[in-house]
Amino acid sequence: MVGADWPAATGRCFAISLAIKTENLSKIYSHDATGRPVGLVDLSLEVEEGQVFGLLGPNGSGKTTTLKLLLGLIFPTAGKGEIFGHPLGSNAYKERIGFLPEGPYFYEHLNGIELLSFYGSLFGMGGGRLAARVEELLHLVGMWDRRFIRVRDYSRGMRQRIGAAQAMINDPDLLFLDELTSGLDPIGAMEMHKLILELRDQGKTVFLCSHLLKDMEPLCDRVIILNRGQMCETGAVRDLLRVENQYRLAVSNFSDDLSRRLVALAQRTEPEEGLLAAYFADQNAALSAAQEASAAGAVIEELGTHHRTLEEVFIEAVGGEE
Amino acid sequence: MRPIFRVARATFHEAWRRRFLNGILVFAILIIGSSWVFAYLQPGAELQMVIDIGLGSIRFFGMLIAVFLGTRLIPDEIERRTIHTILAKPVSRAQFVFGKFLGGAGTVAANLLLMGIAFYIVFAIKAPQLQAQKPEDALIFAAMYSNIAKAILLSFFEIFLVLGIAVVASTLFSWVLSVIFTFVIYFVGQMSDFFQQLADPERGASKAAQILLGTIYRILPHFEIFDIREAILQGTYTPWTTILRIIGQGVAYLVVVLLIGYLVFNEREV
C-alpha cells in the first residue's frame, strides 16, 4: 500500500492511503504546428482513498487519455503511476476497481441480467452470490423492471444505468466514472449523484470525469483541471471556490439612493435579477452597509463570505491557459 | 483460466449473430447437399465428384468463415469499445486474445460440424448406390467412411490454424490487409511443397534461391498436409498415427501463431 506522511493538527503523523498516484505521467501522441505536445503532459496527482476526485477539462484536454492510462488501456510515453500501489496496467488492482466509460458500449445481444452476469464472471463470481449481486444492482440503478430487454434496444439513459451497474459488480474500492450523468434525465442524474455520495460514505474512492461543472461542485472533494493536456489548476474544491477577503451583500427592494450609496461603499456592485449585489473587502464594512440598507427599507437577501462557482474557477483556469 | 472461457463464450454467442457467417454456412450446406446432382455430370467419377465437392466445400467455406470471422474478432471489440470495459476488469491481454480465439474456434467448429454432417449424410446416401454397381470395391468403400471422418477432423485443425493466422493478422494490419494476408498465407501454404522442390539443388536452384525458398518452406504452414482426399479416393487406409501427427503439427504451429498474436497485442494500445 502506498502511503504519504501527512501532519495532522495534533502534530502526530499518520499514513494516508493513496488510491491513485502519478508522477509526471505523459502520453504524447504528436506535436501541433507550434511544436506544442498533443496528449497529456507531466500529470502528477495523488488521490486519497475515500475521496471523490474530479477530473475536469474542455474537449481534447486529456481527460480520456488520463483515464485510459490509469486503466492500462494505453501506455505512457514518460512518467509512471500506481493504483493501490500496483503499477499502471497491472492486473493486480483491477480486482478492486470499476469503470464506466463515456457512452458505454456492450455486447448488444445480452440482456441486463446476462450482461451483469458476464462482467461478474470475469471476477470469478458465480452461482447465488452473482445472481444476488446482479439483482441488487439492477434494483439500485432502476433497471430491474427492464432486466430482460436486450442491450441493442436500450436507450442512452438505460445504457448509462446498466454501465454504472457493471462498474459496481465487484463492489469496487475505486470507481472510474466518465461522464456519469450523460444521457440521463434530471431524476436519473439526481439518483446517480445520490449514489456517488453513498459510495463516498461507504469509504469508496470515486474518480469522476465530467464537463458538467455544476454536477461536480457538490460531489467532489478535490478536482484537477486539465487544458491542452496540462494541469492548470488543482486543489480541494472548498479552497478553489473560496475568495480571500471578499464579503457579499445582496439586497432587494432598494431605492436609487441606496444603490448609489452601495456603489460608493463597496469594492464593486452587480445587478442580479431584481437584486443588487455588493462586494466588500472588509467584514465590518459589509455589516455596516447591511445595517444602512436595512434602515433604508431594503430587504437583506444575503450576507456572508463570497464563494466562486466551479464554473468560474474553470473558466479562469482554462482561459488563463488559452 | 476462467476469464478465457468467459470471453470465449461471449465471442461464440456474438459470432452466431453475424449474418454473413450464417449466409456462408447456408450456401455451403446447399452446395454440399447438391453435390450428388453434380455427380451425374461426370458418369464414372460420381464418387470422386461427391467427395471433391463435399470435402472441398468444407475446407473452402470453413476457410472463408475463419478469415472473415478471425479478422473481425479483435478489431470489432476495439471499434465498438467493448474492449475497454473488459480489459478494465481482471482480464489480461493474453486471456483476452486466447479467449477471442477460442470463441472463434468454437464458432468455426460448429459451422464445420454442420457442414460435415451435411456431407456425411450425402455420402451415406450416395455411396451405397455406387457400391451396388461395384460390389468388388466393398473394402474400399468401407475404408472411405472412416477416412472421411478423419478428413473432416483434419479440416477442423486446418481451419483453426487459418483462424489463428487471421486473428494475429488483425492485430498487425488493417482489416483489408489482414484478409489479404491470411488468404495469401493460406493459398501459398497449400503449395509449400512446391517451394521445397524449387529449392532443390538437383533442380539447379542457386545457393540464394535455396536459402530463400527453403526459408519460405520452413516458415509457411503446410496446409496441404491436411488434405487426404487422394487417400480416400484410392481407398487407402489412413492410420490414426498419421492423423495425430498432422494434428500435432497443426497445433504446434497454432501455438506459435497465437504466441505471436499475444506478443503483438500486449503492446497494442486500445
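Note that the coordinates shown come from a computational prediction; the quantities given were computed from them, not determined experimentally. (Residues numbered from 1 in each chain as written. Chains lettered and ligands numbered in written order. Predicted model: local features only at pLDDT ≥ 70, side-chain atom pairs only at ≥ 80, totals over all residues. Heavy atoms only, no water.)

Trainee: Summarise the side chain of B:Ser57; cite the residues concerned and give the values.
Mentor: Among the structural elements, B:Ser57 can be located in helix 4 (residues 46-79). Aside from chain neighbours lying at most four places away, what touches B:Ser57 is B:Ile31, B:Ile32, B:Asp52, B:Gly62 and B:Met115. (Helix = DSSP H or I, 4+ residues; strand = E, 2+ residues; numbered from the N terminus. Contact = heavy atoms within 4.5 Å.)

Trainee: I'd like a rundown of a nonpolar patch on the surface, residues and numbers included.
Mentor: Residue and element names in this part refer to chain B. Nonpolar side chains collect at one region of the surface, where Ile 29, Leu 113, Leu 114, Ile 117, Ile 121 and Ile 125 lie side by side and expose about 520 Å² of accessible area between them. The greatest single-element share of the nonpolar patch, amounting to five residues, is contributed by helix 6 (residues 93-133). As for its placement among the helices and strands, Ile 117 is situated in helix 6. (Patch = residues over 30% accessible without salt bridge, like charges linked within 9 Å, V, L, I, M, F, W, Y side chains within 5 Å. Areas by Shrake-Rupley, 256 points an atom, 1.4 Å probe, with all protein chains shown as cover. Salt bridge = Lys/Arg side-chain N within 4 Å of Asp/Glu carboxyl O.)

Trainee: Residue-level account of the interface of chain A and chain B, with values.
Mentor: Note on interface size: it is often stated as the accessible area lost on association of the parts. Between chain A and chain B, the contact holds 27 residues from the first and 29 residues from the second. Broken down residue by residue, the surface that chain A buries against chain B is led by A:Leu73, A:Tyr107 and A:Leu122, which jointly contribute 27%. Across the contact surface, chain A and chain B share one salt bridge. The closest approach of N and O atoms between B:Glu269 and A:Lys27, which form a salt bridge, is 2.5 Å. Between the two partners, chain A and chain B, sit ten residue pairs in polar contact (both at pLDDT 80 or more). Those elements that provide at least two residues to the side of chain A that touches chain B are helix 1 (63-71), strand 7 (97-100) and helix 2 (112-121) of chain A. With three residues, helix 2 of chain A is the single largest residue contributor to the side of chain A that touches chain B. Looking at the side of chain A that touches chain B residue by residue, the class counts come to 15 nonpolar, six polar and six charged. (Buried area = accessible area lost by both parts, 1.4 Å probe. Polar contact = N/O pair within 3.5 Å; in protein donor to acceptor, adjacent residues only side chain to side chain. Nonpolar A, V, L, I, M, F, W, Y, C, P; charged D, E, K, R; others polar.)

Trainee: So, the packing of aromatic side chains: which residues are in play, and what are the values?
Mentor: Working definition: an aromatic ring pair is given by the centre-to-centre distance plus the angle between the planes. All names here are of chain B. Summed over the entire model, instances satisfying the criterion amount to 23 aromatic pairs over all chains. For the pair Phe 123 and Tyr 145, a centre-to-centre distance of 5.2 Å together with 75 degrees between the ring planes defines the contact as edge-to-face. With Phe 123 in helix 6 and Tyr 145 in helix 7 (residues 138-172), this residue pair connects regions lying 22 residues apart in the sequence. A ring pair is formed by Tyr 186 and Phe 223, whose centres lie 4.9 Å apart and whose planes are at 55 degrees; its orientation type is tilted. (Phe/Tyr/Trp six-rings, centres within 6.5 Å; stacked < 30°, edge-to-face > 60°.)

Trainee: Please provide a residue-by-residue account of the domain arrangement of chain A, values included.
Mentor: Residues and elements named next belong to chain A. Under the domain assignment, chain A is made up of domain 1 (18-228) and domain 2 (242-318). Counting residues at the interface gives ten residues for domain 1 and seven residues for domain 2. Where domain 1 abuts domain 2, roughly 730 Å² becomes buried across the two surfaces, and 81% of that area is made up of carbon and sulfur atoms. The largest per-residue losses of area from domain 1 upon contact with domain 2 belong to Leu 213, Glu 217 and Ile 225, which jointly make up 62% of the total buried on that side. Where domain 1 touches domain 2, the interface holds zero salt bridges. Of all the secondary-structure elements, those providing two or more residues to the side of domain 1 that touches domain 2 are helix 6 (213-216) and strand 10 (222-227). For the side of domain 1 that touches domain 2, the residue count by class is six nonpolar, two polar and two charged. (Domains from an automatic or database assignment.)

Trainee: Got a sec to walk through the sheet that holds strand 7 of chain A? Specific residues and values, please.
Mentor: All names here are of chain A. With mixed pairing, six strands are arranged side by side in an open sheet as 7-8-9-4-10-11. Looking at strand neighbours, the two that pair on one side only are strand 7 and strand 11 (230-236), the edges of this open sheet. Sheet twist, expressed as the average angle between the axes of neighbouring strands with direction ignored, equals 15 degrees. Relative to strand 9 (residues 205-210), strand 8 (residues 174-178) runs parallel, the two being bridged by five bridges. Note on strand 9: the bridge partner recorded for Phe 176 is Phe 207. Contacts between helix 4 (residues 156-167) and the sheet are confined to strand 7 and strand 8, with strand 7 contributing the most and set at about 165 degrees to the helix. Across the sheet, helix 5 (residues 186-201) touches strand 4 (52-56), strand 8 and strand 9, and the angle it forms with strand 9 is around 150 degrees. (Pairing = 2+ DSSP bridges. Axes fitted to C-alpha atoms, helices over the stretch in contact; angles between N-to-C directions.)

Trainee: For the packing of helix 7 of chain B against helix 12 (residues 240-266) of chain B, give the residues involved together with the corresponding values.
Mentor: All names here are of chain B. Relative orientation of the contacting elements helix 7 and helix 12 amounts to 10 degrees, with a least axis distance of 9 Å. By the angle between their directions, the pair helix 7 and helix 12 is classed as roughly parallel. Remark: the crossing between helix 7 and helix 12 carries left-handed chirality. Across the contact of helix 7 with helix 12, the residue classes break down as 20 nonpolar, four polar and one charged. (Parallel < 35°, antiparallel > 145°, perpendicular 65-115°, else oblique. Left-handed = near helix turned anticlockwise from the far one by under 90°.)

Trainee: Describe in detail empty space enclosed by the protein, supporting the description with residues and values.
Mentor: What the rule picks out here adds up to four cavities of 30 Å³ or more. Together, A:Leu177, A:Glu179, A:Leu180, A:Thr181, A:His193, A:Leu208, A:Cys209, A:Ser210, A:Asp215, A:Met216 and A:Leu219 line the largest cavity. Put simply, the parts of the chain that give the lining of the largest cavity at least two residues each are strand 9 and helix 6 of chain A. Here the lining of the largest cavity takes three residues from strand 9 of chain A, the largest share from any one element. Residues of the lining of the largest cavity, tallied by class, amount to six nonpolar, three polar and two charged. In terms of lining, the second largest cavity is formed by B:Leu55, B:Arg59, B:Ala151, B:Ser155, B:Phe226, B:Asp227, B:Ile228 and B:Arg229. The residue makeup of the lining of the second largest cavity, split by class, is four nonpolar, one polar and three charged. (1 Å grid on protein atoms, 1.4 Å probe; cavity = no way out; pocket = protein on both sides within 12 Å on 5 of 7 lines; lining within 4 Å. Points joined across faces, edges and corners; volume = space filled by probe spheres on them.)

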